[in-house]
Each structure stands twice: as C-alpha cells, then as structure tokens.
Amino acid sequence: MRVFLAALLSCAMTPGSAATFTPSDDAQSADMRTRAEITNYEHTSTSDDVVRVIKGLAATSPLVHTESFGKTEEGRDLPLMVISDPKVTTPAAARKLGRPLVFVQANIHAGEVEGKEAMLMLARRIVSGDLKPMSRQLVFLIAPNYNADGNEKVTPMNRSAQNGPVGGVGTRENSKGLDLNRDYMKLDSAEARSLVGLMNKWDPHVAVDLHTTNGSYHGYHLTYSPILNPNADPRLIEFTRSRMLAPITQAMLKSHNWRTYYYGNFSPEDGSGRESARIDPANPGNVTWRTFDHRPRFGNNYVGLRNRIAILSEAYSYLDFKGRVEVTEDFVHEIYKSVAANAKQIMTLTAQADRVLTAANSATPELGVDIQIAALGEKVDILVGDVTKQLNPNSNREMLVMAPMAVPVAMKDYGIFVATRSLAMPRGWVIPRNLTPRLTAALERLRWHGVRMQELAADAQLAVQRFSITDFSKQERVFQGRQEVRLKGTYDKAQLTVQAGSIYIPANQPLARLAFYLLEPESDDSLVTWNIIEEGIASGQTYPIYRVAGAAPLRLK
Ligand SMILES: [Zn+2]
C-alpha cells in the first residue's frame, strides 16, 4: 500500500506538495482527486487513477464495498463500488434494506470519458460530502470504467473533434474491436458477459449508462433516452418519461442551468439518413428530430427487457470537458434524487413487471416482432445550436466548440418505437433433444443471460407451433464480427411427442421478454440474428426451437 501511494503521489502532486505526505497515514493522505481535476481537465483518468480513487474511498469510509465484477479481455479487473449506509457486501443484504438499487456505469465507449470522472466525484460526495444523507435512502452501485482496456489506449487522435480533454481519450471499442454497446444480446466480449453477470447478481432497479454524443449541432448540454423497445413493460417506459425524466429536465434547468432533452439527431422526414449536422433555424426545411434504435443490443433497451428502468445519458461532445463532467454529474445527481423520491413506486413497478409473466392466470402480453420508429403527436420545439472551431495543439486537429446559440425550431419528434406486428407470448419454448447439439452456443448464451431452463424428465405430448423458414437473408457486411440474419416464414400447429432430455424454457419467468427476443425466429436481435443459431437455418428448413402453445403437462428435472 505504501509503495502504491508513494508512486501515485509522485505523479499526482508537485514535488513541493509531496513533502507534506506522511507515510504513516495512508488513508487521510490518499489523493482522491481524479486525473481530470489534478490536470485542470487536460487529461482523463487512467484505469490506475480510477483504482486509486476507489481504494482511497474504501479506505476512508465504512460505507464502501468494492469488488471486481469480472475481467476485461486483457485481464483487467472491472471495478464496482457498492455504497450504502449501512454498508452491504452482498445482494441479499442490499435487498434486505428495502430500498432501490441504482446502478451507474460509465466509459462503455472509452472515448466518452466524462461519466468516469463524474462518477468518481459523485462517489466522493456520497461517501463524505453533501450527498451522504442519500446513502441511507439508496444503494449505489457504481462501475466507473466499464471499457477499462479501451480506456488505456489514449491518444488525442481519438474523437479529435470532441471539445477536450486535449490530452486525448481512449478507444470506443474494447481490445478485440467490439463495441460493447452492441454486445448486450450476443455477449461476444468478456466485458459484456461480466456486466450481465453483475445484473444477474445485483439486479439493480435502475440502470444508468453514461456517454457523449457528437451528432447534430443542437442546443442541449446533455440528451437522454429511456427504454425504447416497445416489448418492455409499457408502465416502466411511461413512468420513466413522465415521472422521472420530465421533472429531472425541469430541475436540470432550474437548479443547474443546463438544457437537456431526449436524445436525437436532425433527420429528413422520411428518415432517409442524417440531415447535415448544421440546421439553419431561419430556414430549417422539413427537418425532424430522430432518436436512435429500439434493439436490445443497446444497453438501455436490454435493461428494459429485463423489467428494469434504464436511462441513457449523452453529454454533448462540443461542450468543454469540464462542463461535460459537471452536466453529467448534475444529471446523475438528479436521477438519484428522483429514484429516492419515487423509491416505493419504482420497487413496486419493477416487481409487478416481473410478476406479469409469472402469474398463472394473467393474460400474457403480445410482443412485437416488427418494430418501427414513430413520431410523438404534435411538433415540439427542438433547440438548434451551432459550433465554432478551435485547434487542439496536441493533435493539430480542430475541435468543435458549442456556440451559445440555442434557437427553438418546431419539428416532429420521432422519439418512440411501436410494434407493427406482434405475436402472443407462448407458454414456453421447447428444444427437442435431437436438436439440442446444434444449439450448444445458444444454450450457453441463455445461461449467461440468466434465463431459466429445464430439462424434460420424461417424454411428453405437446401442442406446439413450428416455424418453417421461407425467407433467409444474411447481410453481406460483417458487423461486430458477425453477419446479421433475418428470417421470414410460416407457422404450423402440431401435436408432438417430445423426448426426455429435451430443453424447456418457460415463459413464466421474469426474463420472459428477454427470452422472447433471443429465441423468436422473427426477432430482429435474436440468437439467429447474430449467427449463434446457425446450423440448419436456411429456406425450407424448420426452426429448431418450437413454441409451446397449450398447457404443458411436463415432468421437469
Ligand atoms: Zn457512446
């Protein structure tokens, strides 16, 4: 410990101030400032800086539990802080407190670094500052450095148009070139498997994911998104919008003077692509505001299919680095206040979302297999902004700097997604024993996701729906190491004898919405989409997972 502290202090402090260091008093002398604070926001924290601050907090506070929630591809530990009063070290102890667990992750894209800085600063405030009273209202779970490998690959050439830090940032992808915010369903990266493991273990009620956006030149300091997938429990989406994000937006303006709104980019009415980043407010044309994507490969949508509240945060890339750290810190603080104020309802809503699919007599919902973006009612005022340019001497490239302009322009807000074709949730899914060998990789994924499966103990007569593939399309383009597949086809009904040893995946489990998305052949983000179910997937073939239609008198192991 002493060696560690001496080493860090030698680089963190000036020689003059280092003289005040007393080796016998490790905890009090630990420097718990971020690299951003130490360098006047010219640099971002390294993985060692993050660990230094976390260790300092754990050493000085009785409220902080730390653990590693997994390893990166390069073998780095993924740090998690759990902060509450009283301190908890296990999920069972956290549940026993009867309060919401709020999980915030930062740095999934390691070029988007302000969330990492903001969360270390917020953790300090929770542990020993103005937010300490909240440690008796919430259980804070903080993972400040999710893409820890990408975080170490710092160069000022990464995201060079971003308005600092001028010393550079890490890479978007992990060390294998994978975008972790496209990996939630296929789980190809060690990091994504670790994160899903954290969700299975701690099961937070609310999950917040911190980013930076470099899209259109709008007038917001930060934009955000709730769950966008309409297959999530609609009450969770509605609650997040009206009871959380609406008042948070007001508070961000009134208490902090930050302009915030739903995430979007300027786009032509027909959605044919991105309008130029710059809009002339005097002559905006037929421009619309358009959000991103409903698919659960994105974290906010994935969390939604797990029946939990999700909020994506996107600080504006052209606001200066210090401003981005501050706006992110204020946004997360307001989320914490909102969760504390709505604690009971959040816990009730998430528990109800789990029960909808487990209650024996409840009407099972229909879930979408074709999903489209849609506009919210009337036009809304979107703030149009602009940027100027400034040279970064470290990269010799121009950074874009947010201009003071923020002019409201009325436009349609394509901010939601709706199902245009739906299927009833089946009773469950069955994989006949003779087909399970070709589904080994799929079964492994289902286990990683925490989906409950059972083995048939005896042969059973089942009424099933089978899907015959009539159309198989595979993208030429390799995306994230895979070639995306979509299937079309027709269903038939059959009475089958399914052998002992077959796998049954019941829909009466909390993760049924996620199971539906992973397993249904017509889903747009399934195990077929990502070539994880591949063998025997072709036109004219029968899909190897059957929907169980009627009551199933199964003897399960
Ligand atoms: Zn991002």
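Not measured: the values here are computed from a predicted model.

## What to know about the sheet that holds strand S9 (residues 287-290)
Alright, step 1. Pairing in this open sheet of 3 strands is mixed, and the strands run S8-S9-S16 from one edge to the other. Looking at strand neighbours, the two that pair on one side only are strand S8 (265-268) and strand S16 (413-414), the edges of this open sheet.
Alright, step 2. Direction of pairing for S8 relative to S9: antiparallel, over a ladder of 4 bridges. Bridge pairing links Ser267 to Thr288 in S9.

## A short note on the pattern of salt bridges
Alright, step 1. Throughout the structure, instances matching the rule amount to 42 salt bridges.
Alright, step 2. In this structure, the salt-bridge partner of Lys186 is Asp183, at a minimum N-O distance of 2.9 Å.
Alright, step 3. Lys186 gets classed as buried once you look at its relative accessible area, which sits at 0%.
Alright, step 4. Across the pair Arg235 and Asp233 runs a salt bridge whose closest N-O atoms are separated by 3.0 Å.
Alright, step 5. Among the residues examined, Asp233 registers a relative accessible area of 3% and is labelled buried.

## A look at the coordination of the zinc ion
Alright, step 1. Donor atoms from the polypeptide that coordinate the zinc ion comprise His109 (ND1), Glu112 (OE), Glu112 (OE) and His211 (ND1), at 2.0 to 2.7 Å from the metal.
Alright, step 2. Coordination at the zinc ion comes from 4 donor atoms whose angles at the metal span 52 to 151°, giving a geometry best classed as irregular.
Alright, step 3. Owing to a relative accessible area of 4%, Glu112 belongs among the buried residues under this scheme.

## A few points about the sheet that holds strand S21 (residues 485-498)
Strand pairing in a sheet relies on backbone hydrogen bonds, with the paired strands running either antiparallel or parallel.
Alright, step 1. The 6 strands are arranged S19-S22-S18-S23-S20-S21 in an open sheet whose pairing can be described as antiparallel. What marks the edges here is a single partner per strand, and that holds for strand S19 (454-455) and S21.
Alright, step 2. Examined bridge by bridge, strand S20 (residues 460-474) and strand S23 (residues 546-548) share 2 bridges and lie antiparallel to one another. Within the sheet, the bridge partner assigned to Val464 lies in S23 and is Val548.
Alright, step 3. Those strands touched by helix H15 (residues 512-519) are strand S18 (428-431), strand S22 (503-506) and S23, and its axis lies near 45° from that of S18.

Rules used throughout
- Residues numbered from 1 in each chain as written.
- Predicted model: local features only at pLDDT ≥ 70, side-chain atom pairs only at ≥ 80, totals over all residues.
- Heavy atoms only, no water.
- Pairing = 2+ DSSP bridges.
- Helix = DSSP H or I, 4+ residues; strand = E, 2+ residues; numbered from the N terminus.
- Salt bridge = Lys/Arg side-chain N within 4 Å of Asp/Glu carboxyl O.
- Buried < 20%, exposed > 50% of the residue type's maximum accessible area, 1.4 Å probe, protein only.
- Donors = N, O, S within 2.8 Å, 3.2 Å for Na, K, Ca; no water.
- Tetrahedral: all angles 85-135°; square planar, octahedral: opposite > 155°, others 65-115°.
- Contact = heavy atoms within 4.5 Å.
- Axes fitted to C-alpha atoms, helices over the stretch in contact; angles between N-to-C directions.

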